[in-house]
2 protein chains.
Amino acid sequence: MKVKICIVGCGAIGSIFGAHLARLEDVEVHAYDVSKEQTCAITEHGLRISGAADFTARLHATSDASAIPSCDFGIVATKSTHTRPAIEQTAHIFKTGSAVCSVQNGVGNEEILAQYVPWVIRGTTFPAGHVIEPGHVGFDINGDTWIGPFEPTHTPFSLVEQLAELLNRSGLKVVALKDARGAQWTKLIFNASTNPVGALTLLHHGAATRFAPTGALFNALIAEGEAVAKALGIELHGDPRALVQKGASAPGKHKASMLQDIIARRQTEVDFMNGAIADWGEKTGVPTPLNRALWQLVKGLEHSWTDPS
Amino acid sequence: MKVKICIVGCGAIGSIFGAHLARLEDVEVHAYDVSKEQTCAITEHGLRISGAADFTARLHATSDASAIPSCDFGIVATKSTHTRPAIEQTAHIFKTGSAVCSVQNGVGNEEILAQYVPWVIRGTTFPAGHVIEPGHVGFDINGDTWIGPFEPTHTPFSLVEQLAELLNRSGLKVVALKDARGAQWTKLIFNASTNPVGALTLLHHGAATRFAPTGALFNALIAEGEAVAKALGIELHGDPRALVQKGASAPGKHKASMLQDIIARRQTEVDFMNGAIADWGEKTGVPTPLNRALWQLVKGLEHSWTDPS
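Note that this is a predicted model, so its numbers are computed, not measured.

Asks: What is the right way to read the overall build of chain A from this model?
Replies: When you go through chain A residue by residue, the secondary structure sums to 12 helices and 12 strands. In terms of C-alpha radius of gyration, chain A reaches 19 Å, essentially the compact-globule figure of 19 Å for 309 residues. Looking at chain A as a whole, 58% of its 309 residues are labelled buried. Surface exposure of chain A reaches about 12,200 Å², of which carbon and sulfur atoms provide 54%. Side chains of chain A carry 26 positive and 30 negative charges; the gap between the two charge centres is 3 Å.

Asks: I tried to follow the sheet that holds strand β2 (residues 27-32) of chain B on my own but got confused; where do I start?
Replies: Within a sheet, adjacent strands bond to each other through the backbone by hydrogen bonds, running parallel or antiparallel. Residues and elements named next belong to chain B. Taken in spatial order, the eight strands make up an open sheet running β5-β2-β1-β6-β7-β8-β11-β12, and their pairing is mixed. Lying at the two open borders of the sheet, with one neighbouring strand each, are β5 (60-62) and β12 (173-176). In this sheet, adjacent strand axes meet at a mean angle of 20° when their direction is disregarded. Sheet topology note: the strand β7 (residues 99-102)/strand β8 (residues 119-125) ladder contains three bridges and is parallel. What sits directly across from C101, in β8, is I121. Against the sheet, helix α1 (residues 12-22) contacts β1 (3-8), β2, β6 (73-76), β8 and β11 (144-149), and its axis sits at roughly 165° relative to β1.

Asks: Help me out: how do you make sense of the packing of aromatic side chains in this one?
Replies: Within a pair of aromatic rings, the relevant descriptors are the distance that separates the centres and the angle that separates the planes. Within this structure, the stated rule accounts for two aromatic pairs over all chains. Pairing F126 of chain A with W146 of chain A gives two aromatic rings, centres 5.6 Å apart and planes at 90°, and the pair type is edge-to-face. Of this pair, F126 of chain A sits in the loop between β8 (119-125) and β9 (128-133) while W146 of chain A sits in strand β11 (residues 144-149); the two residues are 20 residues apart in sequence, bridging distant segments of the chain. A relative accessible area of 22% places F126 of chain A in the partly exposed class. Over the aromatic face of F55 of chain B sits the side chain of R23 of chain B, whose NZ or CZ is 3.8 Å from the ring centroid.

Asks: Quick question: what am I supposed to make of the pairing of β9 of chain A here?
Replies: For a regular strand, side chains alternate in direction, first toward one face of the sheet and then toward the other. All names here are of chain A. Two strands pair when backbone bridges link them, and β9 and strand β10 (residues 136-141) are joined in this way by five bridges, in the antiparallel orientation. The residue of β10 that forms the bridge with H130 is G138. Taking the residues between adjacent antiparallel strands as the criterion, β9 and β10 are bridged by two residues, where G135 takes a positive phi near 85°.

Asks: I would appreciate a short explanation of the pairing of strand β2 (residues 27-32) of chain A in the present structure.
Replies: Residue and element names in this part refer to chain A. Within β2, five of the six residues are buried, leaving the element largely enclosed by the surrounding structure. The sheet contact formed by strand β1 (residues 3-8) and β2 spans six bridges and is parallel. Across the sheet, the residue bridging to C6 is H30, located in β2. The β-α-β motif built from β1, the intervening helix α1 (residues 12-22) and the parallel element β2 has right-handed crossover chirality. Bridge count for β2 against strand β5 (residues 60-62) is three bridges, and the pairing is parallel.

Asks: For this particular structure, what's the right way to read the nonpolar core?
Replies: The nonpolar side chains of a soluble globular protein tend to be buried with one another. Formed by 68 residues in total, the largest nonpolar core has its most connected members in W185, L200 and L297 of chain A together with W185, L200 and L297 of chain B. With sequence-adjacent residues up to four places away left out, L200 of chain A is seen in contact with L294, L297, V298 and L301 of chain A together with L200, L297 and L301 of chain B. Within the second largest apolar cluster, 42 residues are counted, among which are I5, I49, F139 and V160 of chain A.

Asks: I keep staring at the confidence of the model for chain A and nothing clicks. Help me out?
Replies: The predicted coordinates ought not to be read in detail in places where the model reports low pLDDT. Residues at a pLDDT of 70 or more form 100% of chain A, whose mean pLDDT is 96. Predicted complex metrics record ipTM = 0.92 and pTM = 0.93.

Asks: Which parts of the structure should I look at to understand the relation of the copies chain B and chain A?
Replies: Between the two copies of the chain lies a relationship made up of a rotation around an axis and a movement along it. Least-squares fitting of chain B to chain A yields an RMSD of 0.0 Å, with the superposition described by an axial translation of 0.0 Å and a rotation of 180°. Such a turn and shift between the copies fits a two-fold axis.

Asks: For this particular structure, what's the right way to read the side chain of T194 of chain A?
Replies: Residues and elements named next belong to chain A. If you trace the backbone, T194 turns up in helix α6 (residues 181-201). For T194, a relative accessible area of 5% gives the class buried. Not counting the four nearest positions on each side in its chain, T194 is found in contact with H205, F218, V244 and A256.

Asks: Hey, could you run me through the interface of chain B and chain A in this one?
Replies: Interface size is commonly expressed as the accessible surface area that is lost when the partners come together. The interface of chain B with chain A comprises 29 residues on the first partner and 29 residues on the second. Interface of chain B and chain A: buried area, both sides summed, is about 2,400 Å²; carbon and sulfur atoms make up 73% of it. On the chain B side of the contact with chain A, F211, Q296 and L297 of chain B bury the most area, a combined 21% of that side's loss. At the surface where chain B touches chain A, the tally comes to two salt bridges. With a closest N to O distance of 3.2 Å, D307 of chain A and K253 of chain B form a salt bridge. In this assembly, chain B and chain A are joined by eight residue pairs in polar contact (both at pLDDT 80 or more).

Asks: Looking at this structure, how should I read helix α12 (residues 289-304) of chain A?
Replies: In an α-helix, one full turn covers 3.6 residues, which means residues spaced three or four apart are oriented alike. If you check α12 of chain A, its first and last C-alpha atoms are 22 Å apart, about what 16 residues at 1.5 Å a residue would give, namely 22 Å. The buried fraction of α12 of chain A amounts to 14 of the 16 residues, a majority that puts the element mostly inside the structure.

Asks: How should I be thinking about the packing of α12 of chain A against helix α8 (residues 212-231) of chain B in this particular structure?
Replies: When two helices pack together, their arrangement is captured by the angle between the axes and the distance separating the axes. Where α12 of chain A contacts α8 of chain B, the two axes come as close as 8 Å, and the packing angle between them is 135°. Considering the angle they form, α12 of chain A stands oblique to α8 of chain B. For the pair α12 of chain A and α8 of chain B, the sense of crossing is left-handed. Contacts between α12 of chain A and α8 of chain B involve A293, W295, Q296, L297, K299 and G300 of chain A from the first element and P213, T214, A216 and L217 of chain B from the second. For the contact of α12 of chain A with α8 of chain B, the per-class residue count stands at six nonpolar, three polar and one charged.

Asks: Explain the environment of G225 of chain A to me, please; I cannot follow it from the model alone.
Replies: Residues and elements named next belong to chain A. With respect to the helices and strands, the residue G225 is situated in helix α8 (residues 212-231). Sequence spacing of G225 and L301 is 76 residues, and the spatial spacing of their C-alpha atoms is 23 Å. Ignoring sequence-local partners within four residues, the contact set of G225 consists of W185, I189, I277 and N291.

Rules used throughout
Residues numbered from 1 in each chain as written. Chains lettered and ligands numbered in written order. Predicted model: local features only at pLDDT ≥ 70, side-chain atom pairs only at ≥ 80, totals over all residues. Heavy atoms only, no water. Helix = DSSP H or I, 4+ residues; strand = E, 2+ residues; numbered from the N terminus. Rg over C-alpha atoms; globule rule 2.2 N^0.38 Å. Buried < 20%, exposed > 50% of the residue type's maximum accessible area, 1.4 Å probe, protein only. Areas by Shrake-Rupley, 256 points an atom, 1.4 Å probe, with all protein chains shown as cover. Lys, Arg positive; Asp, Glu negative; His and termini not counted. Charge placed at Lys NZ, Arg CZ, Asp CG, Glu CD. Pairing = 2+ DSSP bridges. Axes fitted to C-alpha atoms, helices over the stretch in contact; angles between N-to-C directions. Contact = heavy atoms within 4.5 Å. Phe/Tyr/Trp six-rings, centres within 6.5 Å; stacked < 30°, edge-to-face > 60°. Lys NZ or Arg CZ within 6 Å of the ring centre and 35° of its normal. Right-handed = clockwise from strand over helix to strand, strands pointing away. Core = buried A, V, L, I, M, F, W, Y, C linked by side-chain atoms within 4.5 Å. pLDDT = per-residue confidence, 0-100. Least-squares fit on C-alpha atoms with pLDDT ≥ 70 in both. Buried area = accessible area lost by both parts, 1.4 Å probe. Salt bridge = Lys/Arg side-chain N within 4 Å of Asp/Glu carboxyl O. Polar contact = N/O pair within 3.5 Å; in protein donor to acceptor, adjacent residues only side chain to side chain. Expected span 1.5 Å × (residues − 1). Parallel < 35°, antiparallel > 145°, perpendicular 65-115°, else oblique. Left-handed = near helix turned anticlockwise from the far one by under 90°. Nonpolar A, V, L, I, M, F, W, Y, C, P; charged D, E, K, R; others polar.

Written as structure tokens, this is what we have:
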């Protein structure tokens, strides 16, 4: 009997995960996305991946969550801002014994998922991609993914290992960890420095890293995040500064996802990045004035789109 | 013999000062501006003021600083970013015995002026206006102005009083103070909260004050500025929060001048606002992480206009 996996949110990252898994003979993939255009294209022509891997996968895709059978695993890949409505629509798919893994940005998504499903897996993923057109996703970077049990739901580690085995066999690079918080916070702290600064200054990642004032602000934000992680007893998985430098030396002018959101006037993930760091800072008594200020500024910028009186 | 006064920088504020003074029979006004369009319009049709006062004044206007005779007073009203080139071009006008008064935003302008002229007057002004067309300025608010000797040049207080008397007789509201730093820092701290937040979020003043996250950021920035002023031994001239509230309850959707600069892609005055507070904070050992961060972000935004690689 095949392992059934539901991809919740079929943007670039969800598509990359779903298409890879769909190549396995022992896996049946159901992709859920609110976009009818995307699900129709996948149903009609399959899901095409180009770049770091080139193939077209056949999988079930739908915008009607009630049409999806019970699944063994869920992989949630929506924007953090859509986690709650996405899991509200799909929670019935995940019965006792199944586990739902977040591969989203920021922290706080697992807490939301755990309000709707019994077992949650904490995930942090570095692959990057972009939607070329409905049904076709550019696979820009085949980065690593770390997954581990979400502590409060006591998810069995055997399920984490099973999901990691499937993903690795499908061509992705996944590490199962007993404690995946270090990897998540390392990416969180990286994102919470580069994303809001890019969004507020309109600078692409390399320029913001090399320009002395914004480069110094990256480091000041990172230092606050590290202090909060330390207070939480989380050992980081490497130095967030190394991620900043690695990104800055990549070719091209990469715009942080939050800058892309700002340009498109989409609500950003700042609540799950700087907002989360500042909130954890308050809970642990660690000062985070800069993360709070960047959160305030991005919220203000979003507010400006409403033409407030 | 008439008192000769040179207005350096004939934008909205310089025009309001110059036109008022030109109505006095015992004053001869020379207006200097780099814009030929502005000086030609003034020469041809006079300088028209509308709003809080309505009149047209006749005065000398030129873009050729060498054509201006020696003057008893200078009033510098350029953007802070243009202080140095403006005084480099006009310093010859101000011989020993004359005094040059800054009525600009921020702090640090007097220090620049003092490198070129013997006596400097520290000024802080609240009138507001806007250029309607060359030779015609809207006089939006007839606010108060405070002037006092710039401490390092030991400017005689009698000159400060003489200039205040002329300005008051001309219809403006000016107070001569032995120590004008309190008024200047009060406006500085107000400006350094509302201006960069408006510039980065695109929110008009009232909206940014009323939106809880940005309103809280205003207060956090103000608290840092107050701590620096206290360390410098400066007693503030009222509460900067009162200026924020007063501005927020004014009708219309007023965009902070720094937001207007950002929209027009003009270099902002952030070096003379948040940059100055953060620099004074470092010198006095007062932490100013937020003023430094806002300075870094605005510098980054300016940098983005260069399309950095």
